[in-house]
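Read off the chains here:
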Amino acid sequence: MRYSSTIQSLSPSVTLQLSARAKEMMQSGRDVVSLSAGQPDFPTPAPIVQAAIEAIREGRTGYTASSGIPELRKAVAAVYSARRGLEWTTGNVVVSCGAKHSLSILIASAINPGDRVLLPRPYWVSYPEMVKAYGGVPVFTAEEGITPREIEAAAAQGAVGVMLNYPSNPSGCVPTAGEMREIADAVADSGMWVISDDIYEDLCYIEGGTPHILDFRPDLKERTAVVSGVSKTYSMTGWRIGYCLCSGEWARLAGMLQAHSTSNPCSISQWAALAAVEGKAEEERRDMHRAFLERRDLICSLLSAEEYLQFDRPDGAFYVFAKLTVGGPLDSTAFCSELLDEEGLAIIPGSAFGAEGYIRISFAASDDDIREGVKRLGRFLHGRYDT
Ligand SMILES: Cc1ncc(COP(=O)(O)O)c(C=O)c1O
(Lines give C-alpha, C1' and ligand atoms only; values in the text may rest on other atoms or scores of the structure.)
Protein backbone atom coordinates (compact mmCIF):
# COMPACT_ATOMS: atom_id res chain seq x y z
CA MET A 1 0.00 0.00 0.00
CA ARG A 2 1.14 3.55 -0.75
CA TYR A 3 0.53 5.89 2.18
CA SER A 4 0.13 9.66 2.16
CA SER A 5 3.53 11.26 1.65
CA THR A 6 2.26 14.37 3.43
CA ILE A 7 1.41 12.45 6.57
CA GLN A 8 4.58 10.37 6.29
CA SER A 9 6.58 13.61 6.34
CA LEU A 10 5.19 14.66 9.74
CA SER A 11 7.20 14.29 12.94
CA PRO A 12 5.70 12.42 15.89
CA SER A 13 4.81 14.47 18.98
CA VAL A 14 8.01 14.40 21.06
CA THR A 15 6.15 15.54 24.17
CA LEU A 16 3.64 12.70 24.01
CA GLN A 17 6.36 10.17 23.12
CA LEU A 18 8.59 11.11 26.04
CA SER A 19 5.72 11.19 28.53
CA ALA A 20 4.65 7.74 27.29
CA ARG A 21 8.19 6.36 27.74
CA ALA A 22 8.37 7.78 31.28
CA LYS A 23 4.99 6.17 32.06
CA GLU A 24 6.16 2.79 30.74
CA MET A 25 9.29 2.98 32.90
CA MET A 26 7.15 3.79 35.96
CA GLN A 27 4.84 0.86 35.21
CA SER A 28 7.83 -1.46 35.02
CA GLY A 29 8.76 -0.40 38.56
CA ARG A 30 11.45 2.20 37.84
CA ASP A 31 11.62 5.24 40.13
CA VAL A 32 10.77 8.03 37.67
CA VAL A 33 10.04 11.69 38.37
CA SER A 34 8.12 13.33 35.57
CA LEU A 35 8.40 17.06 35.00
CA SER A 36 7.23 16.59 31.42
CA ALA A 37 3.48 16.94 31.88
CA GLY A 38 1.43 19.38 29.84
CA GLN A 39 -1.51 19.02 32.16
CA PRO A 40 -2.57 20.06 35.68
CA ASP A 41 -2.20 17.31 38.27
CA PHE A 42 -5.41 18.20 40.13
CA PRO A 43 -8.71 16.35 39.94
CA THR A 44 -11.43 17.97 37.84
CA PRO A 45 -13.48 20.20 40.22
CA ALA A 46 -16.49 18.45 41.80
CA PRO A 47 -19.22 20.78 40.39
CA ILE A 48 -18.00 19.99 36.87
CA VAL A 49 -17.93 16.25 37.55
CA GLN A 50 -21.45 16.56 38.99
CA ALA A 51 -22.70 18.24 35.79
CA ALA A 52 -21.33 15.32 33.77
CA ILE A 53 -22.99 12.74 36.04
CA GLU A 54 -26.31 14.54 35.67
CA ALA A 55 -25.91 14.56 31.88
CA ILE A 56 -25.39 10.79 31.91
CA ARG A 57 -28.29 10.15 34.32
CA GLU A 58 -30.62 12.34 32.27
CA GLY A 59 -29.68 10.52 29.07
CA ARG A 60 -28.00 13.43 27.30
CA THR A 61 -25.79 10.86 25.62
CA GLY A 62 -26.67 11.01 21.93
CA TYR A 63 -25.05 12.91 19.06
CA THR A 64 -25.19 16.66 19.54
CA ALA A 65 -25.22 19.46 16.99
CA SER A 66 -21.88 19.05 15.20
CA SER A 67 -20.49 22.45 16.25
CA GLY A 68 -21.52 21.86 19.86
CA ILE A 69 -24.59 22.15 22.07
CA PRO A 70 -26.18 25.61 21.67
CA GLU A 71 -26.06 26.17 25.46
CA LEU A 72 -22.25 25.87 25.51
CA ARG A 73 -21.70 27.87 22.33
CA LYS A 74 -23.92 30.63 23.69
CA ALA A 75 -22.12 30.66 27.05
CA VAL A 76 -18.68 30.77 25.38
CA ALA A 77 -19.82 33.64 23.14
CA ALA A 78 -21.13 35.57 26.16
CA VAL A 79 -18.03 35.03 28.33
CA TYR A 80 -15.54 35.99 25.60
CA SER A 81 -17.63 38.93 24.36
CA ALA A 82 -17.53 40.31 27.91
CA ARG A 83 -13.83 39.48 28.34
CA ARG A 84 -12.68 41.21 25.15
CA GLY A 85 -15.38 43.88 24.89
CA LEU A 86 -16.42 42.58 21.47
CA GLU A 87 -19.52 40.88 20.19
CA TRP A 88 -19.55 37.21 19.27
CA THR A 89 -22.70 35.14 19.03
CA THR A 90 -23.43 31.40 18.90
CA GLY A 91 -22.70 31.32 15.15
CA ASN A 92 -19.13 32.47 15.81
CA VAL A 93 -18.36 29.55 18.13
CA VAL A 94 -17.36 25.95 17.32
CA VAL A 95 -16.86 23.50 20.20
CA SER A 96 -14.34 20.76 19.41
CA CYS A 97 -12.54 17.75 20.85
CA GLY A 98 -9.94 19.84 22.71
CA ALA A 99 -8.24 23.08 21.69
CA LYS A 100 -5.93 20.94 19.57
CA HIS A 101 -8.80 19.97 17.34
CA SER A 102 -10.04 23.58 17.25
CA LEU A 103 -6.60 24.61 15.95
CA SER A 104 -6.57 21.79 13.46
CA ILE A 105 -9.92 22.59 11.83
CA LEU A 106 -9.23 26.33 11.81
CA ILE A 107 -5.89 25.82 10.05
CA ALA A 108 -7.43 23.35 7.61
CA SER A 109 -10.14 25.88 6.76
CA ALA A 110 -7.74 28.79 6.26
CA ILE A 111 -4.91 27.48 4.07
CA ASN A 112 -4.50 26.46 0.48
CA PRO A 113 -1.65 24.26 -0.84
CA GLY A 114 1.70 26.03 -0.51
CA ASP A 115 0.43 28.83 1.78
CA ARG A 116 3.02 30.03 4.26
CA VAL A 117 2.11 30.43 7.93
CA LEU A 118 4.35 32.38 10.31
CA LEU A 119 5.18 30.69 13.62
CA PRO A 120 7.02 32.61 16.36
CA ARG A 121 9.85 30.62 17.89
CA PRO A 122 9.76 28.72 20.23
CA TYR A 123 6.47 27.30 18.97
CA TRP A 124 4.12 24.68 20.37
CA VAL A 125 5.13 21.29 19.01
CA SER A 126 1.97 20.66 16.95
CA TYR A 127 1.75 23.93 14.97
CA PRO A 128 4.24 23.10 12.18
CA GLU A 129 2.85 19.59 11.75
CA MET A 130 -0.74 20.85 11.56
CA VAL A 131 0.22 23.42 8.92
CA LYS A 132 2.08 20.77 6.91
CA ALA A 133 -0.73 18.23 7.26
CA TYR A 134 -3.05 20.61 5.40
CA GLY A 135 -0.58 21.41 2.62
CA GLY A 136 0.82 24.63 4.08
CA VAL A 137 4.42 25.66 4.71
CA PRO A 138 5.44 26.72 8.23
CA VAL A 139 7.92 29.61 8.36
CA PHE A 140 9.63 30.59 11.58
CA THR A 141 10.90 33.73 13.25
CA ALA A 142 14.69 33.87 13.42
CA GLU A 143 14.95 34.53 17.15
CA GLU A 144 12.75 34.00 20.17
CA GLY A 145 9.47 35.94 19.92
CA ILE A 146 8.16 37.97 17.03
CA THR A 147 8.91 41.50 15.84
CA PRO A 148 6.94 43.86 13.57
CA ARG A 149 9.79 43.61 11.07
CA GLU A 150 9.48 39.82 10.90
CA ILE A 151 5.73 40.08 10.39
CA GLU A 152 6.27 42.57 7.59
CA ALA A 153 8.98 40.42 5.98
CA ALA A 154 6.89 37.23 6.19
CA ALA A 155 3.91 38.99 4.61
CA ALA A 156 6.14 40.33 1.83
CA GLN A 157 7.19 36.73 1.14
CA GLY A 158 3.58 35.60 0.88
CA ALA A 159 2.70 34.42 4.41
CA VAL A 160 -1.09 34.32 4.75
CA GLY A 161 -1.41 33.77 8.49
CA VAL A 162 0.31 33.90 11.85
CA MET A 163 -0.13 31.84 15.00
CA LEU A 164 0.17 33.55 18.39
CA ASN A 165 0.29 31.73 21.72
CA TYR A 166 0.46 33.70 24.97
CA PRO A 167 1.14 32.66 27.65
CA SER A 168 3.42 30.50 25.58
CA ASN A 169 4.02 26.79 25.67
CA PRO A 170 6.99 26.20 26.05
CA SER A 171 8.36 29.49 27.39
CA GLY A 172 5.55 30.81 29.62
CA CYS A 173 6.29 34.16 28.00
CA VAL A 174 3.68 36.94 28.10
CA PRO A 175 4.37 40.03 25.98
CA THR A 176 4.11 43.51 27.49
CA ALA A 177 1.22 45.70 26.40
CA GLY A 178 3.66 47.75 24.31
CA GLU A 179 5.00 44.67 22.53
CA MET A 180 1.49 43.37 21.84
CA ARG A 181 0.41 46.75 20.45
CA GLU A 182 3.33 46.63 17.97
CA ILE A 183 2.51 43.04 16.98
CA ALA A 184 -1.17 43.96 16.51
CA ASP A 185 -0.38 46.98 14.33
CA ALA A 186 2.06 45.00 12.18
CA VAL A 187 -0.43 42.15 11.72
CA ALA A 188 -3.18 44.64 10.82
CA ASP A 189 -0.95 46.17 8.13
CA SER A 190 0.16 42.76 6.84
CA GLY A 191 -3.30 41.53 5.87
CA MET A 192 -2.58 38.13 7.46
CA TRP A 193 -5.14 36.14 9.42
CA VAL A 194 -4.39 35.31 13.05
CA ILE A 195 -4.99 32.29 15.21
CA SER A 196 -4.54 33.30 18.83
CA ASP A 197 -4.10 30.15 20.92
CA ASP A 198 -5.16 31.35 24.38
CA ILE A 199 -5.35 27.94 26.06
CA TYR A 200 -3.18 29.18 29.00
CA GLU A 201 -4.98 32.56 29.29
CA ASP A 202 -6.21 31.88 32.84
CA LEU A 203 -2.81 30.68 34.02
CA CYS A 204 -1.17 34.09 33.98
CA TYR A 205 0.81 35.37 36.97
CA ILE A 206 1.04 39.05 36.18
CA GLU A 207 -1.31 41.82 37.20
CA GLY A 208 -3.88 42.58 34.52
CA GLY A 209 -3.48 39.25 32.68
CA THR A 210 -2.18 38.60 29.18
CA PRO A 211 -2.40 41.46 26.65
CA HIS A 212 -4.45 40.28 23.67
CA ILE A 213 -4.14 41.23 20.02
CA LEU A 214 -7.86 42.09 19.85
CA ASP A 215 -7.54 44.49 22.81
CA PHE A 216 -5.31 46.68 20.64
CA ARG A 217 -6.81 46.08 17.21
CA PRO A 218 -10.48 45.08 17.55
CA ASP A 219 -10.71 45.73 13.81
CA LEU A 220 -8.83 42.42 13.37
CA LYS A 221 -11.80 40.47 14.76
CA GLU A 222 -13.03 39.29 11.33
CA ARG A 223 -9.68 37.67 10.52
CA THR A 224 -8.74 36.50 14.00
CA ALA A 225 -9.71 33.17 15.50
CA VAL A 226 -9.48 32.96 19.28
CA VAL A 227 -8.85 29.43 20.58
CA SER A 228 -9.26 28.32 24.16
CA GLY A 229 -10.88 25.58 26.21
CA VAL A 230 -11.32 24.01 29.60
CA SER A 231 -8.34 21.61 29.55
CA LYS A 232 -5.72 23.62 31.42
CA THR A 233 -7.84 26.10 33.43
CA TYR A 234 -10.13 23.47 34.95
CA SER A 235 -7.88 20.41 34.89
CA MET A 236 -10.00 18.73 32.21
CA THR A 237 -7.44 17.52 29.66
CA GLY A 238 -9.04 14.10 29.31
CA TRP A 239 -12.53 15.45 28.75
CA ARG A 240 -11.39 16.85 25.39
CA ILE A 241 -13.30 20.11 25.08
CA GLY A 242 -11.87 23.17 23.34
CA TYR A 243 -13.54 25.97 21.41
CA CYS A 244 -12.90 28.77 18.99
CA LEU A 245 -14.46 32.15 18.29
CA CYS A 246 -14.06 33.51 14.77
CA SER A 247 -15.94 35.01 11.82
CA GLY A 248 -19.21 33.33 10.85
CA GLU A 249 -17.69 31.99 7.62
CA TRP A 250 -14.55 30.59 9.28
CA ALA A 251 -16.78 28.96 11.92
CA ARG A 252 -19.05 27.53 9.23
CA LEU A 253 -16.14 25.96 7.32
CA ALA A 254 -14.39 24.64 10.44
CA GLY A 255 -17.72 23.29 11.73
CA MET A 256 -18.40 21.57 8.40
CA LEU A 257 -15.00 19.85 8.48
CA GLN A 258 -15.66 18.77 12.06
CA ALA A 259 -19.07 17.40 11.10
CA HIS A 260 -17.39 15.19 8.50
CA SER A 261 -14.59 14.05 10.81
CA THR A 262 -15.68 13.65 14.45
CA SER A 263 -19.41 14.51 14.15
CA ASN A 264 -19.31 16.31 17.51
CA PRO A 265 -17.33 16.45 20.73
CA CYS A 266 -18.45 14.08 23.52
CA SER A 267 -21.93 15.12 24.69
CA ILE A 268 -21.21 14.49 28.38
CA SER A 269 -17.99 16.49 28.28
CA GLN A 270 -19.84 19.39 26.69
CA TRP A 271 -22.31 19.55 29.60
CA ALA A 272 -19.39 19.36 32.03
CA ALA A 273 -17.60 22.17 30.17
CA LEU A 274 -20.77 24.27 30.35
CA ALA A 275 -20.60 24.15 34.16
CA ALA A 276 -16.98 25.31 33.97
CA VAL A 277 -17.66 28.13 31.50
CA GLU A 278 -20.67 29.27 33.56
CA GLY A 279 -18.35 29.70 36.54
CA LYS A 280 -19.57 26.82 38.72
CA ALA A 281 -15.98 25.97 39.76
CA GLU A 282 -14.50 29.41 40.34
CA GLU A 283 -13.24 28.64 43.82
CA GLU A 284 -11.42 25.52 42.59
CA ARG A 285 -10.05 27.45 39.61
CA ARG A 286 -8.62 30.11 41.93
CA ASP A 287 -7.09 27.46 44.23
CA MET A 288 -5.35 25.74 41.31
CA HIS A 289 -4.09 29.09 40.02
CA ARG A 290 -2.64 29.89 43.45
CA ALA A 291 -0.96 26.47 43.63
CA PHE A 292 0.66 26.99 40.21
CA LEU A 293 1.91 30.42 41.22
CA GLU A 294 3.52 28.99 44.38
CA ARG A 295 5.08 26.15 42.39
CA ARG A 296 6.38 28.60 39.81
CA ASP A 297 8.15 30.50 42.58
CA LEU A 298 9.46 27.29 44.14
CA ILE A 299 10.93 25.86 40.94
CA CYS A 300 12.42 29.19 39.88
CA SER A 301 14.18 29.63 43.21
CA LEU A 302 15.55 26.05 43.06
CA LEU A 303 16.68 26.31 39.43
CA SER A 304 18.26 29.73 39.84
CA ALA A 305 20.98 28.11 41.96
CA GLU A 306 21.91 25.88 39.00
CA GLU A 307 24.91 27.29 37.15
CA TYR A 308 24.33 25.35 33.90
CA LEU A 309 20.88 26.82 33.31
CA GLN A 310 19.75 30.22 32.17
CA PHE A 311 16.05 31.13 32.08
CA ASP A 312 13.49 33.92 32.44
CA ARG A 313 10.86 33.48 35.14
CA PRO A 314 7.68 32.42 33.26
CA ASP A 315 4.75 34.85 33.55
CA GLY A 316 2.21 32.22 32.59
CA ALA A 317 1.46 28.53 31.83
CA PHE A 318 3.32 25.90 33.88
CA TYR A 319 6.72 25.51 32.25
CA VAL A 320 10.24 26.81 32.75
CA PHE A 321 12.11 27.00 29.45
CA ALA A 322 15.80 26.96 30.23
CA LYS A 323 18.90 27.28 28.09
CA LEU A 324 21.63 24.76 28.87
CA THR A 325 24.81 26.75 29.28
CA VAL A 326 27.25 23.88 29.09
CA GLY A 327 29.84 25.61 26.94
CA GLY A 328 29.07 24.31 23.47
CA PRO A 329 26.30 23.07 21.17
CA LEU A 330 24.04 20.43 22.63
CA ASP A 331 21.59 17.86 21.26
CA SER A 332 18.65 18.41 23.61
CA THR A 333 16.85 15.22 22.49
CA ALA A 334 19.85 13.05 23.38
CA PHE A 335 20.28 15.03 26.61
CA CYS A 336 16.68 14.35 27.74
CA SER A 337 16.81 10.72 26.68
CA GLU A 338 20.01 10.09 28.68
CA LEU A 339 18.64 12.08 31.63
CA LEU A 340 15.60 9.79 31.67
CA ASP A 341 17.72 6.63 31.44
CA GLU A 342 20.36 7.62 33.97
CA GLU A 343 18.43 9.68 36.53
CA GLY A 344 14.83 8.68 35.89
CA LEU A 345 13.83 12.31 35.25
CA ALA A 346 11.49 13.13 32.35
CA ILE A 347 11.63 16.62 30.83
CA ILE A 348 11.11 17.76 27.23
CA PRO A 349 13.90 18.74 24.80
CA GLY A 350 13.84 22.24 23.31
CA SER A 351 14.28 20.73 19.83
CA ALA A 352 10.56 19.82 19.94
CA PHE A 353 9.78 23.54 20.02
CA GLY A 354 12.35 24.72 17.47
CA ALA A 355 14.81 25.75 20.20
CA GLU A 356 17.84 23.45 20.24
CA GLY A 357 19.95 23.69 23.38
CA TYR A 358 16.93 24.33 25.61
CA ILE A 359 14.87 22.13 27.92
CA ARG A 360 11.25 22.48 29.08
CA ILE A 361 10.61 21.66 32.72
CA SER A 362 6.97 21.43 33.78
CA PHE A 363 5.90 22.52 37.25
CA ALA A 364 2.50 20.87 36.95
CA ALA A 365 3.75 18.48 39.65
CA SER A 366 3.84 18.18 43.43
CA ASP A 367 6.35 20.19 45.48
CA ASP A 368 8.15 16.93 46.34
CA ASP A 369 8.49 15.98 42.68
CA ILE A 370 9.69 19.48 41.81
CA ARG A 371 12.37 19.33 44.52
CA GLU A 372 13.45 15.79 43.60
CA GLY A 373 13.40 16.54 39.85
CA VAL A 374 15.59 19.63 40.22
CA LYS A 375 17.98 17.62 42.40
CA ARG A 376 18.28 14.89 39.75
CA LEU A 377 18.78 17.45 36.98
CA GLY A 378 21.56 19.15 38.96
CA ARG A 379 23.26 15.81 39.68
CA PHE A 380 23.15 14.87 36.00
CA LEU A 381 24.50 18.23 34.85
CA HIS A 382 27.34 18.30 37.37
CA GLY A 383 28.24 14.65 36.75
CA ARG A 384 28.63 15.51 33.09
CA TYR A 385 29.98 18.99 32.81
CA ASP A 386 32.00 19.72 35.96
CA THR A 387 35.66 19.69 35.15
C1 LIG B 1 -0.17 25.72 23.34
C2 LIG B 1 -1.19 24.64 23.38
N3 LIG B 1 -2.26 24.75 22.58
C4 LIG B 1 -3.22 23.80 22.57
C5 LIG B 1 -3.14 22.69 23.38
C6 LIG B 1 -4.21 21.64 23.29
O7 LIG B 1 -5.12 21.70 24.33
P8 LIG B 1 -6.26 20.59 24.44
O9 LIG B 1 -5.79 19.59 25.43
O10 LIG B 1 -7.48 21.34 24.89
O11 LIG B 1 -6.44 19.99 23.10
C12 LIG B 1 -2.04 22.54 24.23
C13 LIG B 1 -1.91 21.33 25.07
O14 LIG B 1 -0.85 20.97 25.53
C15 LIG B 1 -1.05 23.54 24.24
O16 LIG B 1 0.01 23.46 25.05
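Since the structure is predicted, the reported quantities are computational estimates derived from the model, not experimental observations.

**Here we look at the domain arrangement of the chain**
Often the size quoted for an interface is simply the accessible area lost on bringing the parts together. With domains assigned, the chain is organised as domain 1 (5-44 + 283-385) and domain 2 (46-277). Elements that contribute at least two residues to the side of domain 1 that touches domain 2 include exactly α1 (5-8), α2 (14-27), α12 (282-303) and β10 (319-324). Among the elements that take part in the side of domain 1 that touches domain 2, α12 stands out by supplying six residues, more than any other.

**A word on the site of the ligand**
In the vicinity of the ligand there are 13 residues, among which G98, A99, K100, N169 and S231 approach most closely. Within the shell around the ligand, the residues separate by chemical class into three nonpolar, eight polar and two charged.

**Notes on the environment of P170**
Within the fold, P170 resides in the loop between β5 (159-164) and α8 (177-190). Judged by the 28 C-beta atoms lying within 10 Å of it, P170 falls in the buried class. Between the C-alpha atoms of P170 and V320, which are 150 residues apart in sequence, the distance is 7.5 Å. With near-sequence residues (within four places) excluded, P170 lies in contact with P122, Y319, F321, F353 and R360.

**Things to note about the packing of helix α5 (residues 99-110) against helix α10 (residues 248-261)**
For the pair α5 and α10, interaxial distance at closest approach is 9 Å and the crossing angle is 115 degrees. With respect to α10, the element α5 is oriented roughly perpendicular. Judged by the sense of rotation from one axis to the other, the crossing of α5 with α10 is right-handed. Each of I105, L106, A108, S109 and A110 in α5 lies in contact with α10, whose residues at this interface are W250, L253, A254, L257 and Q258. Of the residues contributing to the contact of α5 with α10, the split by class is eight nonpolar, two polar and no charged.

**Some words on the sheet that holds strand β3 (residues 116-121)**
Read across the sheet, seven strands follow the order β2-β8-β7-β6-β5-β3-β4 without closing on themselves; strand pairing throughout is mixed. Each end of this open sheet is capped by a strand with a single partner; those strands are β2 (93-96) and β4 (137-144). Sheet twist, expressed as the mean angle between neighbouring strand axes with direction ignored, is 20 degrees.

**Concerning unusual backbone geometry**
In the segment running from R121 into P122, the intervening peptide bond is cis, with an omega of -10 degrees. Following the sequence through the fold, P122 ends up in the loop between β3 and α6 (126-133). Note the cis peptide between Y166 and P167, where omega equals -10 degrees. Mapping P167 onto the fold places it in the loop between β5 and α8. The residue S235 is not glycine, and still its phi comes out positive at about 50 degrees. Mapped onto the elements of the fold, S235 is located in the loop between β7 (224-229) and β8 (242-245).

**Describing α5**
Over its 12 residues, α5 runs 16 Å from end to end, which matches the ideal 16 Å to within 8%, given 1.5 Å per residue. Counting buried residues in α5 gives 10 out of 12 residues, a clear majority hidden from the surface. By the burial criterion, the buried members of α5 are A99, H101, S102, L103, S104, I105, L106, I107, S109 and A110.

**Things to note about the nonpolar core**
Taken as a class, soluble globular proteins show a tendency for nonpolar side chains to be buried jointly. Counting residues in each nonpolar core, the largest one holds 118 residues, and the members touching the most others are L106, C244 and A276. Broken down by element, the residue count for this core peaks at seven residues, all from helix α11 (residues 267-277). In terms of domain composition, this core takes at least three residues from each of domain 1 (5-44 + 283-385) and domain 2 (46-277). Once you skip the residues sitting within four places of it in the chain, L106 turns out to touch I195, A225, V227, C244, C246, W250 and A254.

**Thoughts on the packing of α5 against α6**
Where α5 contacts α6, the two axes come as close as 9 Å, and the packing angle between them is 35 degrees. Note that α5 runs across α6; the crossing there is right-handed. Seen from α5, the contacting residues are K100, L103, S104 and I107; seen from α6, they are S126, M130 and V131. Grouping the constituent residues of the contact of α5 with α6 by class yields four nonpolar, two polar and one charged.

Scoring rules and cut-offs
Residues numbered from 1 in each chain as written. Predicted model: local features only at pLDDT ≥ 70, side-chain atom pairs only at ≥ 80, totals over all residues. Domains from an automatic or database assignment. Helix = DSSP H or I, 4+ residues; strand = E, 2+ residues; numbered from the N terminus. Near = placed C-beta within 6 Å. Nonpolar A, V, L, I, M, F, W, Y, C, P; charged D, E, K, R; others polar. Buried ≥ 20, exposed ≤ 12 C-beta atoms within 10 Å, placed from the backbone. Contact = placed C-beta atoms within 7 Å. Axes fitted to C-alpha atoms, helices over the stretch in contact; angles between N-to-C directions. Parallel < 35°, antiparallel > 145°, perpendicular 65-115°, else oblique. Left-handed = near helix turned anticlockwise from the far one by under 90°. Pairing = 2+ DSSP bridges. Expected span 1.5 Å × (residues − 1). Core = buried A, V, L, I, M, F, W, Y, C linked by C-beta atoms within 7 Å.

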